Amino acid sequence: ITPPSLTIIEPQNKTYSYNTSLELNYTASDLHLQSCWYNLDNGNNISLPDCQNTTFDTTDGSHTLYLYANDSLGNTNNTERVTFFVDSTFPLIDFAGQTPSNGSYINTDFLIVNVSIIEDNVENVTYELYNSTSLVNRTIYYNKVEFINFTGLIHNVTYFYNVSVVDIVNHKNTTETRSVFVDLIKPLIAYGSGTESDGANVSRNWIYVSVSVTESNFANITYKLYN
């Protein structure tokens, strides 16, 4: 009248972080042991020939394995089960819109950094900002935050930044490190020697214009002529 004795050794009630193929290791005993089988998440029953251990494939996420055994007189043990969690995938992270490209120049004292994160089990997200000598700001969020605004940037400084994400089983991924140069001062420009004074009348078919420019990070200069 006694059903078979069952003990699940593997998998255990824990998180598995490296692959989705796991061992089913168990013991089954009875004077008249006949058959053993299992299912995953109340799915299809899978027979275990000669009640031997096996391996099985699963997916990332939470799962419950149910193990059964009966004897030749019809006594069945249907109480053995174990719940476990699988996270075998590294998080994905990349910069998203509004984030300056590497080597950019910005004319604001703040820096907006957006990222796109693909990960269901985020443990933390870390944003880091450096200058050429030291760490300026490190901000850690313990949830899936995909945006930060670094403020208080200083003129004429190159900053470096990156973002990393860690999942609950310590898988980590990090963006590239990008740089931006902060330029908060407008260029200075003035008419130079030889340029006609305002309102002048000239007897020729050309106009000479010279200018002096004060700017460390020159990009371009544009001359426009109107009637």
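Structural data are supplied above this passage.
Residues numbered from 1 in each chain as written. Predicted model: local features only at pLDDT ≥ 70, side-chain atom pairs only at ≥ 80, totals over all residues. Heavy atoms only, no water.

**Considerations on the overall build of the protein**
(1) Moving on: The secondary structure content of the protein amounts to zero helices and 19 strands.
(2) Moving on: Its C-alpha radius of gyration of 34 Å places the protein more than 25% over the 17 Å reference for a compact globule of 227 residues.
(3) Moving on: Its C-alpha atoms put the protein at 120 × 40 × 20 Å along the principal axes.
(4) Moving on: When the 227 residues of the protein are sorted by exposure, 35% land in the buried category. (Helix = DSSP H or I, 4+ residues; strand = E, 2+ residues; numbered from the N terminus. Rg over C-alpha atoms; globule rule 2.2 N^0.38 Å. Buried < 20%, exposed > 50% of the residue type's maximum accessible area, 1.4 Å probe, protein only.)

**Things to note about the sheet that holds strand β5 (residues 46-48)**
(1) Moving on: Here we have five strands laid out as an open sheet, ordered β2-β8-β7-β4-β5, and mixed in their pairing. Looking at strand neighbours, the two that pair on one side only are β2 (15-16) and β5, the edges of this open sheet.
(2) Moving on: Examined bridge by bridge, strand β7 (residues 61-71) and strand β8 (residues 76-86) share nine bridges and lie antiparallel to one another. Looking at β8, one finds that Ala-69 is bridged to Asn-77. (Pairing = 2+ DSSP bridges.)

**Topic: the packing of aromatic side chains**
(1) Moving on: Counted according to the given criterion, the structure contains seven aromatic pairs.
(2) Moving on: Ring plane angle 85 degrees and centroid distance 6.2 Å describe the contact between Tyr-16 and Phe-84, whose orientation is recorded as edge-to-face. Of this pair, Tyr-16 sits in strand β2 while Phe-84 sits in strand β8, placing them 68 residues apart in sequence. The pair formed by Tyr-16 and Phe-84 is uniform in burial state, with each residue classed as buried. (Phe/Tyr/Trp six-rings, centres within 6.5 Å; stacked < 30°, edge-to-face > 60°.)

**Focus: the environment of Tyr-16**
(1) Moving on: Among the residues examined, Tyr-16 registers a relative accessible area of 13% and is labelled buried.
(2) Moving on: The spatial distance from the C-alpha of Tyr-16 to the C-alpha of Ser-88 is 7.2 Å, given a sequence separation of 72 residues.
(3) Moving on: Beyond its immediate sequence surroundings of up to four residues, Tyr-16 is in contact with Glu-10, Pro-11, Leu-22, Phe-84, Phe-85, Val-86, Asp-87 and Ser-88. (Contact = heavy atoms within 4.5 Å.)

Such coordinate-based values are descriptive only and should not be taken to indicate function.
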